[in-house]
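Close look at the chain arrangement
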Amino acid sequence: MFKIENNKIHITRGDIGIIEVRAKNDDGTNYYFKKGEIIRLNVVREKHYEDLLFHKDVIVESETPNVNITLTSKDTTIGDLINSPKKYYYEIVLNPDTADQTIVGYDENGAKEFILYPEAKDDDLQ
């Protein structure tokens, strides 16, 4: 399962998904990402922004109004198996290593949640 609702990412541990990233200029027009820019997804432990669990970078290949961050099974296999949903926080940042600008992150509406749901252990089946 993978879905995004109200800036909450819901995903089953070990599943894949694509996050489409768009941004607005100060005047409300669409921002066009430029070739060579970097979009970074950071996922951190809930209420612990210093505890980075993983990050995923996407390098923009050509000017575009949207960029996709593809989550792989490896990306979403966070920690050990779980028996109930586990909440993490996330942020999406433009050019994090040079002139960072948060596109999605903690704001007046609170933290952006990355909710991981349990998966069944099936690697021992043959």
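Cut-off values and rules
- Residues numbered from 1 in each chain as written.
- Predicted model: local features only at pLDDT ≥ 70, side-chain atom pairs only at ≥ 80, totals over all residues.
- Heavy atoms only, no water.
- Helix = DSSP H or I, 4+ residues; strand = E, 2+ residues; numbered from the N terminus.
- Buried < 20%, exposed > 50% of the residue type's maximum accessible area, 1.4 Å probe, protein only.
- Areas by Shrake-Rupley, 256 points an atom, 1.4 Å probe, with all protein chains shown as cover.
- Lys, Arg positive; Asp, Glu negative; His and termini not counted.
- Charge placed at Lys NZ, Arg CZ, Asp CG, Glu CD.
- 1 Å grid on protein atoms, 1.4 Å probe; cavity = no way out; pocket = protein on both sides within 12 Å on 5 of 7 lines; lining within 4 Å.
- Points joined across faces, edges and corners; volume = space filled by probe spheres on them.
- Nonpolar A, V, L, I, M, F, W, Y, C, P; charged D, E, K, R; others polar.
- Phe/Tyr/Trp six-rings, centres within 6.5 Å; stacked < 30°, edge-to-face > 60°.
- Polar contact = N/O pair within 3.5 Å; in protein donor to acceptor, adjacent residues only side chain to side chain.
- Contact = heavy atoms within 4.5 Å.
- Salt bridge = Lys/Arg side-chain N within 4 Å of Asp/Glu carboxyl O.

What follows deals with the overall build of the protein. When helices and strands are tallied, the protein shows 1 helix and 9 strands. Traced from its N-terminal end to its C-terminal end, the protein shows the element sequence β-β-β-β-β-β-α-β-β-β. In the protein, which comprises 126 residues, the proportion classed as buried is 38%. Accessible area of the protein: about 8000 Å², with a carbon and sulfur share of 44%. Across the protein, the mean location of the 16 positive side-chain charges is 2 Å away from that of the 24 negative side-chain charges.

Right, let's talk about the layout of surface pockets for a bit. Estimated volume of the largest pocket: approximately 280 Å³. Together, R22, A23, K24, N25, D26, N30, Y31, L94, Q101, T102, I103 and V104 line the largest pocket. The element contributing the most residues to the lining of the largest pocket is strand β8 (residues 101-104), with 4 residues. Class assignment for the residues of the lining of the largest pocket results in 5 nonpolar, 4 polar and 3 charged.

Our focus in this paragraph is the packing of aromatic side chains. Counting across every chain of the model gives 4 aromatic pairs. Plain terms: the ring middles of Y49 and Y89 are 5.8 Å apart, the flat faces sit at 40 degrees to each other, and that makes the pair tilted. Of this pair, Y49 sits in strand β5 (residues 48-59) while Y89 sits in strand β7 (residues 86-94), and the two are 40 residues apart along the sequence. What makes Y49 partly exposed here is its relative accessible area of 34%.

What follows concerns the side chain of T76. By secondary structure assignment, the location of T76 is in helix α1 (residues 73-76). Polar contacts involving the side chain of T76 include one to the main-chain amide nitrogen of G14, which spans 3.1 Å. Contact partners of T76, with chain neighbours within four places excluded, come to I11, T12, R13, G14, D15, L71 and L116.

Next up on the list: the pattern of salt bridges. Overall, the coordinates contain 11 salt bridges when judged by the stated rule. The closest approach of N and O atoms between E5 and K3, which form a salt bridge, is 3.9 Å. The exposure class of E5 is partly exposed, given its relative accessible area of 40%. K3 sits in the partly exposed class, given a relative accessible area of 35%. The shortest N-O distance in the salt bridge between D51 and R45 comes to 2.6 Å. You can call D51 partly exposed: its relative accessible area is 29%. One connected set of salt bridges, linked through shared partners, spans K8, E46, K87 and E113.

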